[in-house]
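# Fold and contact review
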Amino acid sequence: MYTQALNTAETGGPAGEDAALAARFQERVDADDRIEANDWMPAGYRRTLTRQISQHAHSEIVGMLPEGAWITRAPTLRRKAALLAKVQDECGHGLYLYAAAETLGASREELVDAMLAGKAKYSSIFNYPTLTWADVGAIGWLVDGAAIMNQIPLCRCSYGPYARAMIRVCKEESFHQRQGYEIMLTLARGTADQKAMAQDALNRWWWPCLMMFGPPDAASQHSDQSTAWKIKRFSNDELRQKFVDATVPQAEYLGLAMPDPDLVRDDETGSYRYGAIDWEEFRQVLAGNGPCNAERLATRRTAHEEGAWVREAAAAYAAKRAARATEKQAA
Ligand code: FAQ
């Protein structure tokens, strides 16, 4: 097993953990100290971060697929170059995140295998199809917009390697959001058919984007502990609300209608109250029954199998270099 983890001696869970170490750990978290890979940490903290960071990494890698499908069909060379760069960035985000997860003692192989076996989650949003070019605009504007809202607070997460990875990810996501919004603006100001295409994309992506933030606070099983550990700085509902408040005026500027008849601005707070989210749809997508779950996993499995020779060649090259370095040292 290859892992970047430095010191991952487990304490065997809460029962085996030293109470004094646990108290000292929480004091450091409360004081906004950064926890680093070699520091003592509760087993549950390590598990929670490994789960969240690896799910996040899988989301980036699976998240390349919906937009990747449009690279060959982008309407101009400029659009194609920007989309290609964006999808490559997502791959890069996946790699930083797998590296951050490895510092916790999990190997990339085991994390990827869990995803390919359908045992590890990735974001629900990537199980929806990209039917038209406007979907590429809607993903950049809305999906990246939601991702930024969720990820900016993660730059202040208590675990150093995750927080640092998030800084660069968020900068790149800002570019992604703008390229998406610019596509939407061009379509919204284009012909009636183009505007209708933009509206249709907004109609299909809006509700799944609200689901990206996770279940409502009352049903979020990990939130309390993750908040106490300062992995989470805002609750799922708080971030969802911030996203709605930031996005509705952007839709107005585009001249597009929000697909929510219950959406209403509260003049006192300036916030928007939104209609009921279909949590049954969310549950179905998480259970593997979304429109594209099977297709996404099948595509990733094929790509993984077809890339086996690259991994083998890289490992053989690394082994050869290591053997040469040992020979040199011995000489
Ligand atoms: N999809 O107790 P909570 C992107 C699961 S990156 C699937 O509230 P937590 C960039 C959750 O895992 C998008 N599963 O959980 C991009 C848990 O299940 P488990 C990904 C979801 O962790 C843009 C259960 O429900 N971003 O978009 C979802 O405290 C464009 C209970 O939930 C991240 O991963 C969901 N939407 O809060 C790429 C950010 N929501 O593990 C390409 C980091 C919840 O017990 C193109 N992650 N679940 O089996 C987080 O901030 C958190 O993990 C939350 C969930 C907020 C997602």
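The structure this text deals with has already been given above.
What comes next concerns the included structure. (Residues numbered from 1 in each chain as written. Predicted model: local features only at pLDDT ≥ 70, side-chain atom pairs only at ≥ 80, totals over all residues. Heavy atoms only, no water.)

### Quick notes on the overall build of the chain
Within the chain one finds 13 helices and two strands. For 331 residues, the compact-globule estimate of 2.2 N^0.38 gives 20 Å, and the C-alpha radius of gyration of the chain, at 22 Å, lies within 12% of that figure. For the chain, with 331 residues in total, the buried portion stands at 48%. A separation of at least 24 residues holds for 80% of the contacts in the chain among residues at least 6 apart in sequence. (Helix = DSSP H or I, 4+ residues; strand = E, 2+ residues; numbered from the N terminus. Rg over C-alpha atoms; globule rule 2.2 N^0.38 Å. Buried < 20%, exposed > 50% of the residue type's maximum accessible area, 1.4 Å probe, protein only. Contact = heavy atoms within 4.5 Å.)

### Re the environment of Gly 137
With respect to the secondary-structure elements, Gly 137 resides in helix 6 (residues 133–151). Beyond its immediate chain neighbours, meaning those up to four positions away, Gly 137 contacts Gly 180, Tyr 181, Ile 183 and Met 184.

### Comments concerning the packing of aromatic side chains
The full count for this structure, using the stated rule, is ten aromatic pairs. Aromatic pair Phe 25 and Tyr 45: ring centres 4.8 Å apart, planes at 70 degrees, arrangement edge-to-face. Of the two residues, Phe 25 sits in helix 1 (residues 19–30) while Tyr 45 sits in helix 2 (residues 43–62), which places them 20 residues apart along the sequence. Side by side, Phe 25 and Tyr 45 carry an identical accessibility label, which is buried. One aromatic cluster in this structure is built from Phe 25, Trp 40, Tyr 45, Tyr 159 and Trp 229. Of note, Arg 73 hangs over the ring of Trp 70, and the distance from its end group to the ring centre comes to 4.0 Å. Of note, Lys 242 hangs over the ring of Phe 234, and the distance from its end group to the ring centre comes to 4.5 Å. (Phe/Tyr/Trp six-rings, centres within 6.5 Å; stacked < 30°, edge-to-face > 60°. Lys NZ or Arg CZ within 6 Å of the ring centre and 35° of its normal.)

### Thoughts on the packing of helix 5 (residues 108–116) against helix 12 (residues 293–306)
Helix-helix packing: each pair is described by the crossing angle between the helix axes and the interaxial distance. Running from N to C, helix 5 and helix 12 cross one another at 140 degrees; their axes reach a closest spacing of 10 Å. By the angle class used here, helix 5 and helix 12 are oblique. Of helix 12, the residues touching helix 5 (which contributes Val 112, Asp 113, Met 115 and Leu 116) are Leu 297, Arg 300, Arg 301 and His 304. Taken together, the residues that form the contact of helix 5 with helix 12 break down as four nonpolar, one polar and three charged. (Axes fitted to C-alpha atoms, helices over the stretch in contact; angles between N-to-C directions. Parallel < 35°, antiparallel > 145°, perpendicular 65-115°, else oblique. Nonpolar A, V, L, I, M, F, W, Y, C, P; charged D, E, K, R; others polar.)

### Focus: the pattern of salt bridges
Enumeration according to the criterion identifies 19 salt bridges in this entry. Its salt-bridge partner being Arg 24, residue Glu 27 comes within 3.4 Å of it at the nearest N-O pair. Here Arg 24 and Glu 27 lie together in helix 1, a separation of three residues that amounts to about one turn. On the basis of relative accessible area, Glu 27 is assigned to the partly exposed category, the value being 48%. Between Asp 32 and Lys 230 there is a salt bridge, with the nearest N and O atoms lying 3.1 Å from each other. Of the two residues, Asp 32 is situated in the loop between helix 1 and helix 2 and Lys 230 in the loop between helix 9 (223–228) and helix 10 (236–254); the sequence distance between them amounts to 198 residues. By sharing partners, the salt bridges in this structure join Glu 67, Lys 86, Glu 90 and Asp 144 into a single network. (Salt bridge = Lys/Arg side-chain N within 4 Å of Asp/Glu carboxyl O.)

### A short note on the site of the ligand
Close to the ligand lie 35 residues, the nearest being Gln 55, Lys 121, Ser 220, His 222 and Lys 232. Here Gln 55 contributes a side-chain N or O atom positioned 2.8 Å from an oxygen atom of the ligand. A distance of 3.1 Å separates an oxygen atom of the ligand from a polar atom in the backbone of Gln 221. Those elements that place two or more of their residues in the shell around the ligand are helix 2, helix 4 (77–102), helix 6, helix 7 (160–188) and helix 11 (279–289). Looking at the shell around the ligand element by element, the count peaks at six residues for helix 2. (Near = heavy atom within 4 Å. Polar contact = N/O pair within 3.5 Å; in protein donor to acceptor, adjacent residues only side chain to side chain.)

### Concerning the nonpolar core
Nonpolar side chains tend toward joint burial in soluble globular proteins. Counting residues in each nonpolar core, the largest one holds 84 residues, and the members touching the most others are Tyr 45, Ile 53, Leu 142, Tyr 159, Tyr 162, Trp 205 and Trp 206. Once residues lying within four places of it in the same chain are set aside, the contact partners of Trp 206 are Leu 142, Phe 243, Val 244, Thr 247, Met 258 and Pro 259. (Core = buried A, V, L, I, M, F, W, Y, C linked by side-chain atoms within 4.5 Å.)

### What to know about the side chain of Glu 60
On the secondary structure map, Glu 60 appears in helix 2. If sequence neighbours within four positions are ignored, Glu 60 has contacts with Glu 90, His 93, Gly 94, Leu 97, Gln 151, Val 169 and Glu 173.

### Topic: the packing of helix 2 against helix 4
Interhelical geometry of helix 2 versus helix 4 gives an angle of 160 degrees and a closest axis separation of 8 Å. Regarding the angle of helix 2 to helix 4, the classification is roughly antiparallel. As for the relative orientation of helix 2 and helix 4, their crossing is left-handed in sense. Contacts between helix 2 and helix 4 pair Ile 53, His 56, Ala 57, His 58, Glu 60 and Ile 61 from the former with Glu 90, Cys 91, His 93, Gly 94, Leu 97, Tyr 98, Ala 100 and Ala 101 from the latter. (Left-handed = near helix turned anticlockwise from the far one by under 90°.)

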